[in-house]
Amino acid sequence: MADSALNTALRQFHAAADRAGLDDSQRVILTSFKTVFQTEFPVEMDDGSFRVFQGYRVLHNSALGPTKGGIRYSPNVTIDDVKALAMWMTWKCAVTGLPFGGAKGGVIVDPATLSQSALQNLTRRFTAEITPIIGPDKDIPAPDMGTNAQIMAWMMDTYSMSAGYTIPAVVTGKPVSLGGSEGRYEATGRGLMYILDEHLSDAGGVRGKTVAVHGLGNVGGVCARLLQQAGAHVQYICDKDTGIFRAEGVDADAAFAFIEAGGVLRDWDGAGERIAPSDVLLADVDVLVPAAVEHVLTGDNAGKVRARLILEGANGPTTPEADEVFQQRGITVIPDVVANAGGVTVSYFEWVQARQYLHWREAQVNEELRNVLIPAYRGIINRAMSTPDCTLREAAQWIGVERVVQATMLRGIYP
Ligand code: NAD
């Protein structure tokens, strides 16, 4: 298990628990999972045959409120990944100050290999399987890698049909026309930009900075687009097969529009030298944004990273070994639990709007997003700066763990 995301999440937790002074019983509670749901379910394919898929939904901790977290469709999902991602969601919601606990889900599938109707069948059947444990007051799924607004619409409809009436607050990340929030699609990328701009405020903000973005999906693509619009030079981008470098800046906006229309970078004809995706991680830039998958920055490549600052768009892109190397080398890492919290923050706004049958304008959403993220980020900076030898990740997880343990102690154990 040496390199699993769960091992990373547990090592990070114990480092935070040491700082927060948790005793052994508190550690046992906070490393336990409230619900671990695993299912094998049949799906009817286009030719009338059936295929069985494996899916998971893990609720980590609900001390601060109903659990919240995305659903991932990927051929590489494992139960340990889902547990790690659920645990990170708990600390993320806590450090951001949202009234949620953490959860995550996944189905072992490459969605690109399924037709739309098979994808819909899979989503509806999986939703039916997890219906007993999800709900607007219990556990609220959202998109993650390989899932999108359409899939959330099918989930919302399936859940609602089993109840007999429409329940929009059961998932977030829905299409805007179905009660989704303005600004949710851009929220994670926008949050990354807000935090980066704040972090660099003494150095003139993001304008003129050179950037490498690893992974050009919902998180990385929107982030690259917004950074380009804000005057940064996005010199490196990649998807899972193709990297692109251009010293004057790649047209990240156009490249991402090509991907949004269903393309892959291999077929994009925009200017730039084609390179290996993994080389994007070693780019000589001001800011590296890992925005693809876990564990891309490891003990093996951390010594070769040339960026001065790492802004974690993905969840868990940095292993503890890489963290140590970055700390020794003076490379600052703005950790996932705050850097990419824009998505869950606007998901919270969507849930609030759904429960009140209200619709906020995008300007309001973006302003409220900034109002949540910047104080959370500043709290982490202050904690790290007032503590000797404390990284931003340690400070962030420390604050998150502290809030969850306080809530647990206040509530007490029933019965
Ligand atoms: P996505 O599926 O929209 O995009 C993923 C991108 O990464 C794609 O461009 C894909 O080609 C690329 N990629 C995949 N494997 C790669 C590899 N090995 N090397 C290089 N590129 C690779 O997914 P997303 O929603 O953007 O999520 C990306 C990460 O951000 C995940 O870790 C996810 O958990 C995290 N995250 C997502 C959200 C959200 O709102 N979507 C919020 C917070 C965190």
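If you're wondering where the values come from, they're calculated on a predicted model, not measured in any experiment.

**Concerning helix α7 (residues 218-229)**
Now for step 1: The end-to-end C-alpha distance of α7, which contains twelve residues, comes to 16 Å, matching closely the 16 Å that a straight helix rising 1.5 Å per residue would cover.
Now for step 2: Burial within α7 is extensive, with nine of its twelve residues counted as buried.
Now for step 3: Summarising the contacts, the buried residues of α7 are in contact with α6 (184-199), β6 (210-214), β7 (233-238), α8 (252-260) and β10 (287-290).
Now for step 4: Taken from the residues just after α7, glycine 231 is the one with a positive phi, measuring 100 degrees.

**Considerations on the pattern of salt bridges**
Now for step 1: Going through the model one piece at a time under the given rule, you end up with 23 salt bridges.
Now for step 2: A salt bridge links arginine 19 to glutamate 394; the nearest nitrogen and oxygen atoms lie 3.0 Å apart. On the criterion of sequence distance, the pair formed by arginine 19 in helix α1 (residues 5-20) and glutamate 394 in helix α13 (residues 392-411) is long-range, its members being 375 residues apart.
Now for step 3: Classification of glutamate 394 as partly exposed rests on a relative accessible area of 24%.
Now for step 4: Glutamate 248 is the salt-bridge partner of arginine 246, the closest N and O atoms lying 3.3 Å from each other.
Now for step 5: For arginine 246, a relative accessible area of 29% gives the class partly exposed.
Now for step 6: With relative accessibility at 56%, the residue glutamate 248 sits in the exposed group.
Now for step 7: Ionic contacts of the salt-bridge type, sharing partners, join the residues Arg72, Lys104, Asp144 and Glu294 into one network.

**A word on the sheet that holds strand β1 (residues 35-44)**
Now for step 1: Ordered by their spatial adjacency, five strands build an open sheet running β1-β2-β4-β3-β5, and the pairing between neighbours is mixed. Edge positions in the open sheet fall to β1 and β5 (139-143), since each of these has one partner strand only. Strand-to-strand, the axes of this sheet are offset by a mean angle of 25 degrees, without reference to chain direction.
Now for step 2: Pairing geometry for strand β2 (residues 50-61) and strand β4 (residues 101-108), over six bridges, is antiparallel. In the sheet register, asparagine 61 faces β4, and the bridge partner there is glycine 102.

**So, a nonpolar patch on the surface**
Now for step 1: A contiguous nonpolar patch, built from Ile29, Met409 and Ile413 and spanning about 280 Å² of accessible area, is present on the exposed surface.
Now for step 2: Of note, methionine 409 is situated in helix α13.
Now for step 3: By relative accessible area, which is 43% here, methionine 409 ends up partly exposed.

**With respect to the domain arrangement of the protein**
Now for step 1: Annotation of the protein at the domain level lists domain 1 (33-172) and domain 2 (187-339).
Now for step 2: Its C-alpha centre places domain 1 at a distance of 27 Å from the equivalent point of domain 2.
Now for step 3: With eleven residues of domain 1 in contact, the opposing surface of domain 2 contributes seven residues.
Now for step 4: On the domain 1 side of the contact with domain 2, Trp88, Lys92 and Met145 bury the most area, a combined 59% of that side's loss.
Now for step 5: There are one salt bridge connecting domain 1 and domain 2.
Now for step 6: Broken down by element, the side of domain 1 that touches domain 2 gets its largest block of residues, seven residues, from helix α3 (residues 79-96).

**Some words on the pairing of β1**
Now for step 1: Sheet topology places β1 next to β2; ten bridges connect them, and they run antiparallel. Paired with glutamate 40 across the two strands is glutamine 54, which belongs to β2.
Now for step 2: As consecutive antiparallel partners, β1 and β2 are separated by five residues, and within that stretch glycine 48 has a phi angle of approximately 90 degrees, a positive value.

Thresholds applied
Residues numbered from 1 in each chain as written. Predicted model: local features only at pLDDT ≥ 70, side-chain atom pairs only at ≥ 80, totals over all residues. Heavy atoms only, no water. Helix = DSSP H or I, 4+ residues; strand = E, 2+ residues; numbered from the N terminus. Expected span 1.5 Å × (residues − 1). Buried < 20%, exposed > 50% of the residue type's maximum accessible area, 1.4 Å probe, protein only. Contact = heavy atoms within 4.5 Å. Salt bridge = Lys/Arg side-chain N within 4 Å of Asp/Glu carboxyl O. Pairing = 2+ DSSP bridges. Axes fitted to C-alpha atoms, helices over the stretch in contact; angles between N-to-C directions. Patch = residues over 30% accessible without salt bridge, like charges linked within 9 Å, V, L, I, M, F, W, Y side chains within 5 Å. Areas by Shrake-Rupley, 256 points an atom, 1.4 Å probe, with all protein chains shown as cover. Domains from an automatic or database assignment. Buried area = accessible area lost by both parts, 1.4 Å probe.

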